[in-house]
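Architecture and fold: a report
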Amino acid sequence: MTDTLREAYRVMRTIRTFEERVREEFATGEIPGFAHLYAGDEASTTGVCLHLGDRDAIAGTHRGHGHCIAKGVDVKAMMAEIYGRRTGSCHGKGGSMHIADLSKGLLGANGIVGGGPPLICGTALAAKQQNTGGVGVAFFGDGAGNRGTTLEALNLAAVWNLPAIFVAENNGYAEATSSTWSVASDNIADRAAGFGVPGVIVDGFDFFAVHEAAGEAIGRAREGGGPTLIEVRSTRFSVEADGDCLKRFRARVIDSGELSEPDFDDIDAEVAKLIEESVSAAKAAPKPTLKDLETDVYVSY
Amino acid sequence: MARTISYREAITEALAQELARDESVIVMGGDDAWGGVLGVTKGLVPRFPGRVLDTPISESAVVGAAIGAATRGQRPVAELVFIDSMGACFDQIFNQAAKFRYMFGGNARTPVVIRTMYGAGLRAAAQHSQCLYPIFTHIPGLKVVVPSNPYEAKGLLIQSIRDDDPVIFCEHKALYDTRGEVPEDSYTIPFGEANIVRDGGDVTIVAIGRMVAVAGEAAKELATSGIEAEIIDPRTTSPLDAETILDSVGHTGRLVVVDEASPRCNLATDISALVAKEAFAALRAPIEMVAPPHTPVPFSDALEDLYLPDAQKVLNAAKAVVEYQR
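Moving on, we come to the overall build of chain B. Along the backbone of chain B there are 12 helices and 14 strands. Against the globule reference of 20 Å for 326 residues, chain B gives a C-alpha radius of gyration of 20 Å, in line with a compact fold. Expressed along its principal axes, the backbone C-alpha trace of chain B runs to roughly 65 × 40 × 40 Å. Per-residue burial for chain B yields a buried fraction of 58% across its 326 residues. When contacts within chain B are restricted to residue pairs at least 6 apart in sequence, those whose partners lie at least 24 apart make up 78%.

With that settled, the discussion passes to unusual backbone geometry. The residue after Ser-238 of chain B, namely Pro-239 of chain B, is reached through a cis peptide bond having omega 0°. Residue placement: Pro-239 of chain B occurs in the loop between β12 (236-238) and α9 (242-252). A positive phi is found at Asn-131 of chain A, a non-glycine position, where the angle reads about 55°. Locating Asn-131 of chain A in the fold gives a position in the loop between α5 (116-130) and β2 (136-141).

Once that is clear, we can look at the domain arrangement of chain B. All names here are of chain B. Here the domain parsing of chain B yields domain 1 (2-183) and domain 2 (195-322). Here the C-alpha centre of domain 2 lies 26 Å away from the C-alpha centre of domain 1. On the domain 2 side, the residues contacting the 24 residues of domain 1 number 23 residues. Listed by contribution, the elements that provide at least two residues to the side of domain 1 that touches domain 2 are α6 (133-137), β6 (143-145), α7 (150-162) and β7 (167-172). Looking at the side of domain 1 that touches domain 2 residue by residue, the classes come out as 14 nonpolar, 7 polar and 3 charged.

Thresholds applied
- Residues numbered from 1 in each chain as written.
- Chains lettered and ligands numbered in written order.
- Predicted model: local features only at pLDDT ≥ 70, side-chain atom pairs only at ≥ 80, totals over all residues.
- Helix = DSSP H or I, 4+ residues; strand = E, 2+ residues; numbered from the N terminus.
- Rg over C-alpha atoms; globule rule 2.2 N^0.38 Å.
- Buried ≥ 20, exposed ≤ 12 C-beta atoms within 10 Å, placed from the backbone.
- Contact = placed C-beta atoms within 7 Å.
- Domains from an automatic or database assignment.
- Nonpolar A, V, L, I, M, F, W, Y, C, P; charged D, E, K, R; others polar.

Okay, here's the thing in structure tokens:
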């Protein structure tokens, strides 16, 4: 159990430190393009992904770095990708919004709001066809919850009884628009009833709540029980406020005596070192060149 | 052994043979449980239990699911009945399937086939008659197939299913009941290799999809006036076999392109630009493009007949280039 707790904290801390560093580096102008940060929602992706393995696939969002880290994508390759380097997970051709590692079951962060849920119906269908017991998890934000793709995917997953989990990360804002205005129902999870699937709401600052709800949904899906919609509630810009999921996790686990302050400090130090190395390596790595421009459009053409 | 079967039967046979050959092949489409709207999946459900899936009318979810499954070891063939409804799932095709391999630095294979019906001629009006293959041809990462007869349809569909890239397979609605000789055995036709349907030395006619047969009618008529047309069926608009087209224009010196797609940025303009740039010295006359006017497809039979390219229009264009004097 303490190993799981250590792993959960290590993943959440890696996401937090990674994102804080990307924020700093982005401000220097050295990182090209866009970068949408996941800091604050660490408990969501970590609580879900700790239940998953290679047979399971996930689709991330615009704010996809956290999903990638939680699904086990190499952090150094991710940082190099964000810097547009040849050593990046996509050799500099994807960038922040398109980090992917299909070998790890990560279908990519996604630059299209609501792009992931239909794809996850497909990975879940493949798992069902191949009888692997695998599940597909689509993460999406409160903005994507209003996209037809998400609602179509929920319906198809229910109709085909797919092992698919839909995780709505409701942080209160789609870009700058409040979900209390843009989401017509009181809760995103209420929409599950319209598709005849279970819908639950969990506290996104509480790793244990997410972990438990996800475990139940994933277990049911693996056994042929079909899809679930989980709404993970958090608040954007909350990292310094009371709602910090890392602080809460740490306090609870120290309180229970399962891990001690030095255990956490050790992980913090390891992660800080990893992120520092990732940034130095990324900055030193070569950029792609003309010979990379036209490769990898097709398998064959 | 070859027999005479319809374009529809050729497509069904290709699906059935691939379903039997490769367990990773799955088929999905609206009304598949009773044979599909196009009647193409008739009889497949009981033969391949659990692998021919009925779907709701949910283009994004269905096409997205086909794409997602393709990244996880399946070879899905999704049927999206009318190409006109593609707008409902452009995102999944353009932003997901087409871009995975490049965006992910070469670490993706998405062997998905999207079969769809296009074209005018059945009085189906503006929202059920378009030729949208140029839109897909425009997108890097997609392959686009436009089979012109039953033989082509079977061989190209089997190739599409075995291909490791996303393929948009465009079936002309007026071709389903046309018949032709098709071998019973499985075979493939490679992409990017045009078919020289008819040899001729006076004018090159490049025609797409159903227009290949229209060009054939025109060529017969032209022959009676002593004009021998060489007809080229590109088979795939992406990849495009530029070499065969340029070689042909190299010896005929004259080009007519026949395309049923709307005239701006269609295959006729694309191929004309290619030839104008690469074979300018060989041209003995301006290039002629035979395409519909820049209007939606009209409903009334009187108007639709005027709208569509036909043998007479191709004949006039061919004569114009052959008779051209500087």
